[in-house]
Amino acid sequence: MAEVKLVNVFKRFGDVTAVNDVSLEIKDHEFIVLVGPSGCGKSTTLRMVAGLEDITQGEIYIGERFVNEVAPKDRDIAMVFQNYALYPHMNVFENMAFGLKLRKLPKKDIEQKVKASAAILGLEQLLHRKPKELSGGQKQRVALGRAMVREPAVFLMDEPLSNLDAKLRVQMRLEIIKLHQRVNTTTIYVTHDQIEAMTMGDRIVVMNNGLVQQVGTPDEIYNRPANIFVAGFIGSPAMNFLRGSYRVENGQAFVVDEQGDYSVPLSPEVDTHEITAERVILGIRPNDIVLLNDGQDSPQALNAVVDVVEAMGSEIYCYMKVGAQNITARFSPEHKLTTGQHVRIAMRPHKMHLFDGTTEQAYCRAQVPPAKPR
């Protein structure tokens, strides 16, 4: 087992900076997820830890060892790829045993390690099959097993579930979580899927344009986003943003639309002492918007017009207009809404987020209790 540390790491391809001054400390036994859109630098960061990409600048440590110039095979890591990377002419046993044979382990030890890993992953009945005889989920379990038998200090996983269908992704996600709980090896996992990030990671590293935007537990990332990018990327549907001006009247703080379409009083829970900008962005998640009944009112009430309604079974997504701005809400399916309908909605006051209108950095974030250990 080992810690992994990146210190001011850069990766440049000509004039393009793919990874920009990334510093991370990944704890021993931790499962950390790098998440972000395509081209954000997450896979390049992982490949530099693996030694598959040269570092332009910075330092990488695995355990106490400086590994910038250490070959991939000598870094004590095992990598699971998106495309499985199985040898088609070898059966499952041979694929899992291949790395151990290269290390010239005794045949008895190899057989013991492969069978132990196969038992954990439910592959005992498949050891004599070739990759072409396996389903996508079975191939991915073989790829995991090949990494497991090496008993590395660090697992590196590069979007290992992206080629699977939705149902199988859920199943494999659970299997990887259980696997980590059992073997407890330091794991760095790359994905563009925010659901994988939120459900699997002890901590999440959100990246964009080669920069680390925020590092935190899933609760911190969701409830206390550091900026507009994180707030909009994590959560489905995405957080709503209302741009306006910050005003204080008679001790009450407001976000006011310059077109006069709304004036939203901020909750007392929002600490406004640090706000210096006139232009601000009010953020609210779709599940923190309430549909008001006839005669019901709220200080945070807004007039809206229903644009589109999507029935999702257990809930509905309602896309609305508040003046010229778009709002998305998640409601119970018992609400029967139609296109063009005029409604009144309100924001849960203690769930509001406030961002600087220029820098897009968070001013005020809801306070959440520390995440419970898994």
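These figures come from a predicted structure and were not determined experimentally.

A. Quick peek at the nonpolar core. Within the largest apolar cluster, 43 residues are counted, with the highest numbers of intra-cluster contacts made by Met-96, Leu-144, Ile-176 and Tyr-189. Beyond its immediate sequence surroundings of up to four residues, Met-96 is in contact with Val-114, Ser-117, Ala-118, Leu-123, Leu-127, Val-142, Gly-145, Arg-146 and Val-149. Among the nonpolar cores identified, the runner-up in size contains 32 residues, and Ala-253, Leu-266, Val-306 and Met-352 belong to it.

B. Geometry of the packing of aromatic side chains. A full pass over the atoms with the stated rule returns 5 aromatic pairs. Taking 5.7 Å as the distance between ring centres and 35 degrees as the angle between the ring planes, the aromatic pair formed by Phe-31 and Tyr-189 counts as tilted. Placement of the pair is Phe-31 in strand β3 (residues 31–35) and Tyr-189 in strand β8 (residues 186–191), with a sequence separation of 158 residues. With 5.6 Å between their ring centres and 15 degrees between their planes, Phe-229 and Phe-233 make a pair best called stacked. In this pair, Phe-229 and Phe-233 both sit in helix α8 (residues 228–233), 4 residues apart, roughly one turn of the helix. Using a relative accessible area of 18% as the deciding quantity, one classes Phe-233 as buried. A cation over an aromatic ring shows up here: Lys-5 above the ring of Tyr-61, its NZ or CZ 5.7 Å from the ring centre. The ring of Phe-13 is capped by Lys-11, whose NZ or CZ atom sits 4.9 Å from the centre of that ring.

C. The arrangement of helix α4 (residues 136–148) in detail. Over its 13 residues, α4 runs 18 Å from end to end, which matches the ideal 18 Å to within 8%, given 1.5 Å per residue. Extensive coverage of α4 is indicated by the burial of 11 of its 13 residues. The complete set of buried residues in α4 reads Gly-137, Gln-138, Gln-140, Arg-141, Val-142, Ala-143, Leu-144, Gly-145, Arg-146, Ala-147 and Met-148. On its buried face, α4 sits against β6 (77–80), α2 (92–102), α3 (107–121), β7 (154–158) and α5 (166–183).

D. Highlighting the layout of surface pockets. The computed volume of the largest pocket comes to approximately 590 Å³. Lining the largest pocket are 21 residues, with Ile-77, Ala-78, Met-79, Gly-99 and Arg-150 positioned closest to its centre. Listing elements by their share of the lining of the largest pocket, those giving two or more residues are β6, α2 and α4. Looking at side-chain class alone, the lining of the largest pocket contains 14 nonpolar, 1 polar and 6 charged residues.

E. Spotlight on the environment of Glu-69. With respect to the element layout, Glu-69 can be found in the loop between β5 (65–66) and β6. Judged by its relative accessible area of 75%, Glu-69 is exposed. For the pair Glu-69 and Tyr-87, spaced 18 residues apart in the sequence, the C-alpha separation amounts to 28 Å.

F. Expanded view of empty space enclosed by the protein. Summed over all chains, the structure comprises 1 cavity of 30 Å³ or more. Looking at the largest cavity, its volume works out to about 30 Å³. Contributing elements (two or more residues each) for the lining of the largest cavity: β2 (16–26) and α1 (42–50). Here the element with the most residues in the lining of the largest cavity is α1; it accounts for 3 residues. The class makeup of the residues in the lining of the largest cavity is 7 nonpolar, 1 polar and no charged.

Calculation notes
- Residues numbered from 1 in each chain as written.
- Predicted model: local features only at pLDDT ≥ 70, side-chain atom pairs only at ≥ 80, totals over all residues.
- Heavy atoms only, no water.
- Core = buried A, V, L, I, M, F, W, Y, C linked by side-chain atoms within 4.5 Å.
- Buried < 20%, exposed > 50% of the residue type's maximum accessible area, 1.4 Å probe, protein only.
- Contact = heavy atoms within 4.5 Å.
- Phe/Tyr/Trp six-rings, centres within 6.5 Å; stacked < 30°, edge-to-face > 60°.
- Helix = DSSP H or I, 4+ residues; strand = E, 2+ residues; numbered from the N terminus.
- Lys NZ or Arg CZ within 6 Å of the ring centre and 35° of its normal.
- Expected span 1.5 Å × (residues − 1).
- 1 Å grid on protein atoms, 1.4 Å probe; cavity = no way out; pocket = protein on both sides within 12 Å on 5 of 7 lines; lining within 4 Å.
- Points joined across faces, edges and corners; volume = space filled by probe spheres on them.
- Nonpolar A, V, L, I, M, F, W, Y, C, P; charged D, E, K, R; others polar.

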